[in-house]
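One-letter residues, chain by chain:
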Amino acid sequence: MLTFSELHAQNHQITELSNVFLYLVKDRAMCDTTCARDVFFEYKRRVKEHIELVDQKLCGKLIAYSDLEIKNTADRFLSGSVEIRKIFSRYVKDWCSEKHKVLTIRDHDKFVRETKEMFALVMDRIQRETEHLYPLIRKLEDGEKLAA
């Protein structure tokens, strides 16, 4: 079972990790620290898990509805997930060595700019989930506390 409080807790954790990482990487010297690396890879893990969970449990549930508007909402979120995964994957390839679990920053200004853009995409997704997806599920489930 998945509750809305669990989803909101995940969103909060992702937001917190995002804020901490963005704060740390403003200073080039901080980018090479174990702390920054750990925060980033934890962020990456949590974003991946959250998107997979939402896609499988919530969007998977909505796809089964016969109502075309509900199916379209699920399709939009699933399409968004594909796009975020693709962009995130390219971002990780450009700025990290997953094998060695390190950040590989050659141009700090570009890294910070692309990090802000990438993290903004994730935050936008979380906001859309909170404002559109969760209320839709609640409406369909008559205000239940369980999301899936």
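Scroll up to find the structure.
Conventions and cut-offs
Residues numbered from 1 in each chain as written. Predicted model: local features only at pLDDT ≥ 70, side-chain atom pairs only at ≥ 80, totals over all residues. Heavy atoms only, no water. Phe/Tyr/Trp six-rings, centres within 6.5 Å; stacked < 30°, edge-to-face > 60°. Helix = DSSP H or I, 4+ residues; strand = E, 2+ residues; numbered from the N terminus. Buried < 20%, exposed > 50% of the residue type's maximum accessible area, 1.4 Å probe, protein only. Contact = heavy atoms within 4.5 Å. 1 Å grid on protein atoms, 1.4 Å probe; cavity = no way out; pocket = protein on both sides within 12 Å on 5 of 7 lines; lining within 4 Å. Points joined across faces, edges and corners; volume = space filled by probe spheres on them. Nonpolar A, V, L, I, M, F, W, Y, C, P; charged D, E, K, R; others polar.

Turning to the packing of aromatic side chains, a few remarks are in order. In this structure the tally under the stated criterion is twelve aromatic pairs. Between F21 and F40, the aromatic rings sit 5.4 Å apart at their centres with planes inclined by 45°, giving tilted as the arrangement. Within this pair, whereas F21 is found in helix α1 (residues 4–24), its partner F40 is found in helix α2 (residues 34–63), the two being separated by 19 residues in sequence. For the pair F21 and F40, one class covers both residues: buried. Ring centres 6.3 Å apart and planes at 85° place the aromatic pair F21 and F111 in the edge-to-face group. One end of the pair, F21, is in helix α1; the other, F111, is in helix α4 (residues 108–140), with 90 residues separating them in the sequence. The exposure class assigned to F21 is buried, which follows from its relative accessible area of 0%.

All right, on to the environment of L103 then. Mapping L103 onto the fold places it in strand β2 (residues 102–103). L103 sits in the buried class, given a relative accessible area of 11%. Taking C-alpha positions, L103 is 9.4 Å from F41, a pair spaced 62 residues apart along the chain. Setting aside residues up to four positions removed in sequence, L103 forms contacts with F21, C31, F40, W95 and C96.

Turning to the layout of surface pockets, a few remarks are in order. By volume, the largest pocket is sized at about 220 Å³. If you list the elements that add at least two residues to the lining of the largest pocket, you get α2 and α3 (68–95). Looking at the lining of the largest pocket residue by residue, the class counts come to five nonpolar, one polar and five charged. The space that makes up the second largest pocket amounts to roughly 150 Å³. For the second largest pocket, the full set of lining residues is I87, R90, Y91, D94, E114, E117, M118 and L121. Those elements that place two or more of their residues in the lining of the second largest pocket are α3 and α4.

Everything listed is a geometric property; what it means functionally is a separate question.
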